[in-house]
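The primary structure of each chain is shown beneath.
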Amino acid sequence: DVRVPTIVLGGERDGIVRPQAVRGLARSIPGARLLMLPGGHLLPVEHASAVAAAVLDLVGLAGIEGSARRAGRHPFAQRPAPRGRSSQRRFLLRD
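Values in this document were obtained by computation on a predicted structure and should not be read as measured data.

K.L.:
Help me understand the overall build of the protein, please; the structure alone is not making it clear to me.
P.N.:
Of the regular secondary structure elements, the protein holds four helices and four strands. Reading the protein from its N terminus to its C terminus gives the helix and strand order β-α-β-α-α-α-β-β. Taking all 95 residues of the protein together, 24% fall into the buried category. Residue pairs at least 24 apart in sequence account for 46% of intrachain contacts in the protein once pairs closer than 6 positions are excluded. Surface exposure of the protein reaches about 6800 Å², of which carbon and sulfur atoms provide 55%.

As structure tokens, this is what we get:
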């Protein structure tokens, strides 16, 4: 059973995960929020602002954003990848 704030994102034109499956998943999780966007399977690329806003809203629901604000730091900390690994930065959630 999922017992944490949850958001289920889906694309109305997703050819991989059907919209009705996304809606069914959201219904199966008590208290889950459903966000259907007019896109396909790559919602973070197609609708980056809407996905980011939904995630930030969810983080606020979980109390992470508030506790980080009280501690005087942003809830997402950047840390460089270890030597010999990808130069892509890792984003870590911290409280």
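From this point, the narrative continues.
K.L.:
Where do I start with helix H1 (residues 19–28) in this structure?
P.N.:
Within H1, the full set of buried residues consists of Pro-19, Val-22 and Ala-26. The arc enclosing the buried residues of H1, seen along the axis, measures out at 60°, which places them on a common side. Opposite its buried face, H1 presents the exposed residues Arg-27 and Ser-28, each directed more than 90 degrees away. In the core, the buried residues of H1 are packed alongside strand E1 (7–11) and strand E2 (33–37).

Cut-off values and rules
Every chain is numbered on its own, with residues counted from 1 as its sequence reads. Local features in this predicted model are restricted to residues of pLDDT 70 or higher, and side-chain atom pairs are both shown and tallied only at a pLDDT of 80 or more, whereas totals for entire chains, interfaces and linings draw on every residue. Values shown for side chains rest on all heavy atoms present in the structure; no hydrogens or waters enter the calculation. By definition, any uninterrupted DSSP run of H or I lasting at least four residues is a helix, any uninterrupted run of E lasting at least two residues is a strand, and each is numbered from the N terminus. Each residue is placed in one exposure class: buried if its accessible area under a 1.4 Å probe, protein chains only, is under 20% of its type's maximum, exposed if it is over 50%, and partly exposed if it falls in between. Whether two residues are in contact is decided by their heavy atoms: any pair within 4.5 Å suffices. Per-residue accessibility takes into account occlusion by the displayed protein chains alone, with areas from the Shrake-Rupley method and a 1.4 Å probe. What the arc covers is the set of directions going from the helix axis to the C-beta atoms.

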